Amino acid sequence: MQRMLGGVFDVATCTSAAAALDHLSVHGVPDAIVSDLMMPGMSGGDLYHEAVRRYTELTGHFALLTGDTITADARASVLDSTVPVL
């Protein structure tokens, strides 16, 4: 993703949801966040909910992606939101 988008956009990458939340607290809110849905520790859906709770301006600027089958827990974490899942 960084290689594909980095030629056009200023891209920051994080290796975990916790690192992404830390990045937001230091660098502020980006124009958009694209996150993996299925991550160890905190899922992408949980990251979305926590990030939007802390930074309401991220609402509508978040997308989740996965190359895996979406589990029932993962589906439940994003069903009540309008975040797109690719």
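Treat the numbers as computed from the prediction; the structure is a model and nothing was measured.

A few points about the overall build of the protein chain
Right, on to step 1. Per the secondary structure count, the protein chain includes four helices and two strands.
Right, on to step 2. Here the protein chain, with 86 residues, has 30% of them falling under the buried criterion.
Right, on to step 3. For the protein chain, long-range pairs separated by at least 24 residues make up 57% of all intrachain contacts whose partners lie at least 6 apart in sequence.
Right, on to step 4. When the accessible area of the protein chain is evaluated, it comes to approximately 5,700 Å², of which 55% is carbon and sulfur surface.

Some remarks on a nonpolar patch on the surface
Right, on to step 1. A cluster of nonpolar side chains, contributed by Met1, Met4, Leu5, Val8, Phe9 and Val34, occupies part of the molecular surface with about 640 Å² of accessible area.
Right, on to step 2. As for its placement among the helices and strands, leucine 5 is situated in helix α1 (residues 2-6).
Right, on to step 3. Note on leucine 5: relative accessible area 33%, which makes it partly exposed.

Some details on the pattern of salt bridges
Right, on to step 1. For the coordinates displayed, the defined rule picks out two salt bridges.
Right, on to step 2. For the salt bridge of arginine 53 with glutamate 50, the shortest nitrogen-to-oxygen distance reads 2.6 Å. Residue arginine 53 and its partner glutamate 50 are both found in helix α3 (residues 44-54); the two are separated by three residues, about one turn of the helix.
Right, on to step 3. Take arginine 53: its relative accessible area is 58%, and that puts it in the exposed class.
Right, on to step 4. Put simply, glutamate 50 and arginine 54 hold a salt bridge, and the shortest N to O gap is 2.7 Å.

So, the packing of aromatic side chains
Right, on to step 1. Tallied over the entire structure, the rule returns one aromatic pair.
Right, on to step 2. Plain terms: the ring middles of tyrosine 48 and phenylalanine 62 are 5.1 Å apart, the flat faces sit at 70° to each other, and that makes the pair edge-to-face. In this pair, tyrosine 48 sits in helix α3 while phenylalanine 62 sits in strand β2 (residues 62-65), placing the two residues 14 residues apart along the sequence. Summarising the burial analysis for this pair, tyrosine 48 and phenylalanine 62 share the class buried.

Focus: the environment of proline 30
Right, on to step 1. Here proline 30 is to be found in the loop between α2 (17-27) and β1 (33-36).
Right, on to step 2. Exposure remark for proline 30: the relative accessible area of 33% places this residue in the partly exposed category.
Right, on to step 3. In the structure, proline 30 is positioned 27 residues away from glutamate 57 in sequence and 9.6 Å away in space, judged by C-alpha atoms.
Right, on to step 4. Other than its neighbours up to four places away in sequence, proline 30 contacts Leu24 and Leu58.

About the criteria used
Residues numbered from 1 in each chain as written. Predicted model: local features only at pLDDT ≥ 70, side-chain atom pairs only at ≥ 80, totals over all residues. Heavy atoms only, no water. Helix = DSSP H or I, 4+ residues; strand = E, 2+ residues; numbered from the N terminus. Buried < 20%, exposed > 50% of the residue type's maximum accessible area, 1.4 Å probe, protein only. Contact = heavy atoms within 4.5 Å. Areas by Shrake-Rupley, 256 points an atom, 1.4 Å probe, with all protein chains shown as cover. Patch = residues over 30% accessible without salt bridge, like charges linked within 9 Å, V, L, I, M, F, W, Y side chains within 5 Å. Salt bridge = Lys/Arg side-chain N within 4 Å of Asp/Glu carboxyl O. Phe/Tyr/Trp six-rings, centres within 6.5 Å; stacked < 30°, edge-to-face > 60°.

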